[in-house]
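Chains, contacts and geometry: an overview
These are the residues of each chain, in order.
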Amino acid sequence: MDKTDKEALFIRILNENKDRIYRLCLGYLIDKQNVDDLFQDVMVNIWRGLDSFRGEAKESTWVYRIAVNTSLIYNKKTKRIQQLINQQEMDEIIDQTSESIETRMNLTALRKSISGLKKQDRLIITLLLEGMSYQEIADITGISLNYVGVKINRIKKQLEKMING
Amino acid sequence: MDKLDQNINTLQKLWQDQKLKDINMNAVIAPDSFIVKQLRTFEKLQLRINAVKITLLAMIMGSFTWYLFKYSDPSPSVLLGLFWIGACLTIFTILYLMKQFKASRLNFSLPTIDFIDLAIEKVQEQNKIFRLIFPFLVLGLIAGLNIIYLGLLTDLSIGIRIAYHLIVSLLLIGLIPLGFKIRNWKFKKENQPVIDELVNFKNEIKG
């Protein structure tokens, strides 16, 4: 792949996936500065991985794997993970002009609940919220399909309890 | 569809519909955009760091050679010793950088469980590289310095010459455990927590 092709492919992948990647970073980390840094790291790893991308996996699976694995390593770099978010931080990320107050409150509640989950559960629930199937989550994480089902059921119940409680 | 699934569908919609103001990057995503330029710079960064390391090593080696030439009339044995040390340092540097480069390249596109295994293996490999190569470097340096001493100390008595050879050899041999100790300390401080957390993550994700 020559330089121009690589850049064109990178820009296409980035355009198609940037929202999803950012939301995944958002689900895994809490504060804005870390989310931005993690997003940059994912971009760098996608760029570096393009030379070896042979299309064996679905492109979205490939991108998500990079995002999930980068999150894992990123977490090792930062010791500072806030467990709770406040409205001000949420406002820094959510486009207030296009969200109703109710939606913003619901999103804050959802993100607060996600932040209360274990790290690996945060990643899995974020993939589920992105609309990924159990099979896709199994392909990304490498855990068995059955166990993905078990795990997701457990996380769903926990999340529901947190949101309602 | 049960209530739990219905709730998840609502949450999925809420999650996916959130509008994020920080990623409206259309303006910067162009072939000559800032992000692409940044990525190009990043690719060159590691090369620059290694270039600085190699330059520093060459400067040390150059100063040592200059010092020897300035204050003595180097005999063939001194020249051979210098050449030997230079060769050892060059081989060590090349091997170390090559292996380190290989070990630091993680394949982020693997499934997470495989990625964790690979990451742990690579982190441990970084430590092994040093343990494997460092003793050979020290032995090479001992040989080189002893060859230099053979040419430098010709005016001294045999007893003093032997003492010089022994002292320099023993001092350098002492570098091996010292180097390992420093490396282990650095590894425990920097890498062991990473390994522990990755193992922990893997165990928890696998249940």
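In this text the structure is predicted, and so the values were computed from the model without any measurement.

What counts, and where the lines are drawn
Residues numbered from 1 in each chain as written. Chains lettered and ligands numbered in written order. Predicted model: local features only at pLDDT ≥ 70, side-chain atom pairs only at ≥ 80, totals over all residues. Heavy atoms only, no water. Helix = DSSP H or I, 4+ residues; strand = E, 2+ residues; numbered from the N terminus. Buried < 20%, exposed > 50% of the residue type's maximum accessible area, 1.4 Å probe, protein only. Contact = heavy atoms within 4.5 Å. Areas by Shrake-Rupley, 256 points an atom, 1.4 Å probe, with all protein chains shown as cover. Core = buried A, V, L, I, M, F, W, Y, C linked by side-chain atoms within 4.5 Å. pLDDT = per-residue confidence, 0-100. Patch = residues over 30% accessible without salt bridge, like charges linked within 9 Å, V, L, I, M, F, W, Y side chains within 5 Å. Salt bridge = Lys/Arg side-chain N within 4 Å of Asp/Glu carboxyl O.

Looking now at the overall build of chain A. Across its full length, chain A holds eight helices and zero strands. Listed N to C, the secondary structure of chain A is α-α-α-α-α-α-α-α in terms of helices and strands. Split into buried and exposed, the 165 residues of chain A put 58% on the buried side. Looking at chain A alone, contacts between residues at least 24 apart form 64% of all its contacts between residues at least 6 apart. Carbon together with sulfur atoms contributes 49% to the accessible area of chain A, which is approximately 7,100 Å² in total.

Here the focus is the nonpolar core. Ile21, Ile46 and Ile125 of chain A are the most contacted members of the largest nonpolar core, which has 66 residues in total. No other element matches the eleven residues that helix α1 (residues 3–28) of chain A contributes to this core. Not counting chain neighbours up to four residues away, the residues in contact with isoleucine 125 of chain A comprise Ile114, Leu117, Ile155 and Leu159 of chain A together with Ile8 of chain B. Core analysis: the next-biggest nonpolar cluster, separate from the first, contains 25 residues, Leu82, Phe130, Leu172 and Phe180 of chain B among them.

Let us now look at the environment of aspartate 73 of chain B. Residues and elements named next belong to chain B. As for its placement among the helices and strands, aspartate 73 is situated in the loop between α2 (34–71) and α3 (76–104). Residue classification places aspartate 73 among the exposed residues on the basis of a relative accessible area of 74%. Separated by 79 residues in the primary sequence, aspartate 73 and leucine 152 have C-alpha atoms spaced 9.0 Å apart.

A word on the confidence of the model for chain A. Residues and elements named next belong to chain A. Averaged over every residue, the pLDDT of chain A is 80; the share at 70 or more is 82%. The secondary structure element of chain A with the lowest average pLDDT is helix α4 (residues 87–93), at 52, and the one with the highest is helix α7 (residues 134–141), at 93. For residues 76–87, every residue scores under 50 in pLDDT, and the model assigns this stretch 24 contacts once sequence neighbours within four places are set aside.

Let's shift gears to helix α6 (residues 119–129) of chain A. Residues and elements named next belong to chain A. Summarising burial for α6: ten of the eleven residues are buried, a large majority. Along α6, the residues classified as buried are Gln120, Asp121, Arg122, Leu123, Ile124, Ile125, Thr126, Leu127, Leu128 and Leu129. Residue glycine 131 follows α6 closely and has a positive phi angle near 90 degrees.

This part is about the side chain of glutamate 130 of chain A. Here glutamate 130 of chain A is to be found in the loop between α6 and α7. Residue glutamate 130 of chain A is classed as buried on the basis of its relative accessible area of 9%. Ignoring anything within four residues of it in the chain, the contact list for glutamate 130 of chain A reads Arg20, Arg23 and Tyr64 of chain A together with Trp15 and Gln16 of chain B.

Residue and element names in this part refer to chain B. Taken together, the side chains of Ile158, Ile162, Leu166, Leu170 and Ile173 make up a nonpolar region of the molecular surface, amounting to roughly 510 Å² of accessible area. Relative to the elements of secondary structure, isoleucine 173 occurs in helix α5 (residues 158–190). For isoleucine 173, a relative accessible area of 41% corresponds to the partly exposed category.

What follows deals with α7 of chain A. Residues of α7 of chain A that are buried include every one of Glu136, Ile137, Ala138, Ile140 and Thr141 of chain A, and no others. Glycine 142 of chain A sits one or two positions beyond α7 of chain A and adopts a positive phi of about 90 degrees.

In total, this model carries eleven salt bridges over all chains according to the counting rule given. In this structure, glutamate 130 of chain A and arginine 23 of chain A form a salt bridge, with 2.6 Å as the shortest nitrogen-oxygen distance. Separated by 107 residues along the polypeptide, glutamate 130 of chain A in the loop between α6 and α7 and arginine 23 of chain A in helix α1 bring together distant segments of the chain. Here lysine 118 of chain A and glutamate 204 of chain B are joined by a salt bridge, their closest N and O atoms 3.8 Å apart. Here lysine 118 of chain A is found in the loop between α5 (101–115) and α6, whereas its partner glutamate 204 of chain B is found in helix α6 (residues 192–206) on a different chain. Take lysine 118 of chain A: its relative accessible area is 48%, and that puts it in the partly exposed class. Put simply, Arg12, Glu16 and Glu59 of chain A are held in one network by salt bridges that share partners.

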